[in-house]
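A closer look at the structure
Next come the chains, spelled out residue by residue.
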Amino acid sequence: MNAIDNTTPKTVLITGCSSGIGRAAAHRFAQAGWRVAATMRNTGDAGDLAELPNVLVHALDVTDQASVKAAIDATLARFGRIDAVINNAGFGLFGPFETASDAVIERQFNTNVFGVFNVIRAVLPALRSQGGGVIVNVASVGGLTTLPFNSLYHATKYAVVGFTEGLNHELAQFGIRAKFVAPGGVSTDFAGRSLSVTFADQNHPYAASVAKAMEAWGSRRGGYATPAQTAEAIFTAATDDTAQVRYVCGADAESLLATRAKLDDAGYLQLVRQSFGLDAQSAT
Ligand SMILES: NC(=O)c1ccc[n+]([C@@H]2O[C@H](COP(=O)([O-])OP(=O)(O)OC[C@H]3O[C@@H](n4cnc5c(N)ncnc54)[C@H](OP(=O)(O)O)[C@@H]3O)[C@@H](O)[C@H]2O)c1
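In what follows, the accompanying structure is described. (Residues numbered from 1 in each chain as written. Predicted model: local features only at pLDDT ≥ 70, side-chain atom pairs only at ≥ 80, totals over all residues. Heavy atoms only, no water.)

Side note on the packing of helix H7 (residues 251-262) against helix H8 (residues 265-275)
Interhelical geometry of H7 versus H8 gives an angle of 140 degrees and a closest axis separation of 8 Å. Between H7 and H8, the angle is such that the two are oblique. Side by side, H7 and H8 meet where Leu256, Thr259 and Arg260 of the first sit next to Asp265, Tyr268 and Leu271 of the second. Residues that form the contact of H7 with H8 fall into these classes: three nonpolar, one polar and two charged. (Axes fitted to C-alpha atoms, helices over the stretch in contact; angles between N-to-C directions. Helix = DSSP H or I, 4+ residues; strand = E, 2+ residues; numbered from the N terminus. Parallel < 35°, antiparallel > 145°, perpendicular 65-115°, else oblique. Contact = heavy atoms within 4.5 Å. Nonpolar A, V, L, I, M, F, W, Y, C, P; charged D, E, K, R; others polar.)

Points about the site of the ligand
By nearness alone, 28 residues border the ligand, and Ser18, Arg41, Tyr153, Thr188 and Ser194 come closest of all. Within the contact set of the ligand, an oxygen atom lies 2.7 Å away from a side-chain nitrogen or oxygen of Arg41. One nitrogen or oxygen atom from the side chain of Ser194 is found 2.3 Å from an oxygen atom belonging to the ligand. Relative to its unbound accessible surface of 890 Å², the ligand loses 95% to contact with the protein. Only helix H1 (20-31) and helix H4 (151-171) provide two or more residues apiece to the shell around the ligand. Per-class residue counts for the shell around the ligand are ten nonpolar, 13 polar and five charged. (Near = heavy atom within 4 Å. Polar contact = N/O pair within 3.5 Å; in protein donor to acceptor, adjacent residues only side chain to side chain. Areas by Shrake-Rupley, 256 points an atom, 1.4 Å probe, with all protein chains shown as cover.)

Focus on the packing of aromatic side chains
Within the structure shown, the criterion is met by nine aromatic pairs. Measuring from centroid to centroid gives 6.5 Å for Trp34 and Phe235, while their planes differ by 70 degrees, and the two rings are edge-to-face. With Trp34 in the loop between H1 and strand S2 (35-40) and Phe235 in helix H6 (residues 227-239), this residue pair connects regions lying 201 residues apart in the sequence. Ring pairs connect the aromatic residues Phe29, Trp34 and Phe235, which therefore count as one cluster. The ring of Phe235 carries Arg28 above its face, with NZ or CZ at 4.0 Å from the centroid. Note that Arg107 overlies the ring of Phe91, its terminal NZ or CZ placed 4.3 Å from the centroid. (Phe/Tyr/Trp six-rings, centres within 6.5 Å; stacked < 30°, edge-to-face > 60°. Lys NZ or Arg CZ within 6 Å of the ring centre and 35° of its normal.)

Below you can see the structure in the form of structure tokens.
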């Protein structure tokens, strides 16, 4: 069944539109003539989105089910339907797992995983009753492979990847598709204001390896994709009318996965550790 009705104006709801990929995605859909519910925690961050025709700026905190429902209700009231949902809101968590507090782990999962659940569960009745739709979750290449000192972030994005693929088995009967986009590095606020750290103690046994990994992370930023390039992949996923589930985007993401496919687990993990200056640790 066609997940998108091509004869009527289409509506997309996007989370996390205050900056970065979400904001670029809102612009991309608006440029294509879609009606856009551009949601964000603080609507004061809407900027030029507030001035675009056919863009509804609405508050939505993915960890707050009442705000999720209010945003969906307002979108349906304004536009009458929701054809696509883009679960983009999220933040990064860097540092050794051992030093992570329960509070920061809960915040990471509440946003990156339960936030996605909250939005999808709340929007499904509308998608089912209108006979279809498409859900695009912004996962990460970090939901398909791993790099040092991101284990908790990886845990959330692997969860999103598995959840997304699994949903298709139960939603196909209603003409609803679930897809995920897996970007590599993207130049956004993600490594700045949207990054939490588990680690502060410079005398901790992890301190030297964390410092090396941070340096390696810093040197990778030159090859990052733009938010607009990532938004293009999201737009393709939402509109290509195929059953494709996984959309890897970014040259670094493709290259990382190609390397991962060529090597066994031990070889891959050792290569990654070496490239992050952590080669003293055994791969066996
Ligand atoms: N940048 C990368 O390298 C990269 C790579 C792969 C995947 N991703 C994924 O891409 C997505 C977007 O990140 P970005 O790179 O565009 O970073 P960004 O510019 O920092 O944007 C993150 C967005 O998420 C929002 N957000 C955070 N917690 C929220 C909550 N509880 N409810 C609603 N919105 C919330 C932020 O809102 P506030 O303004 O209110 O904080 C902001 O709009 C994330 O899911 C991230 O994991 C990013």
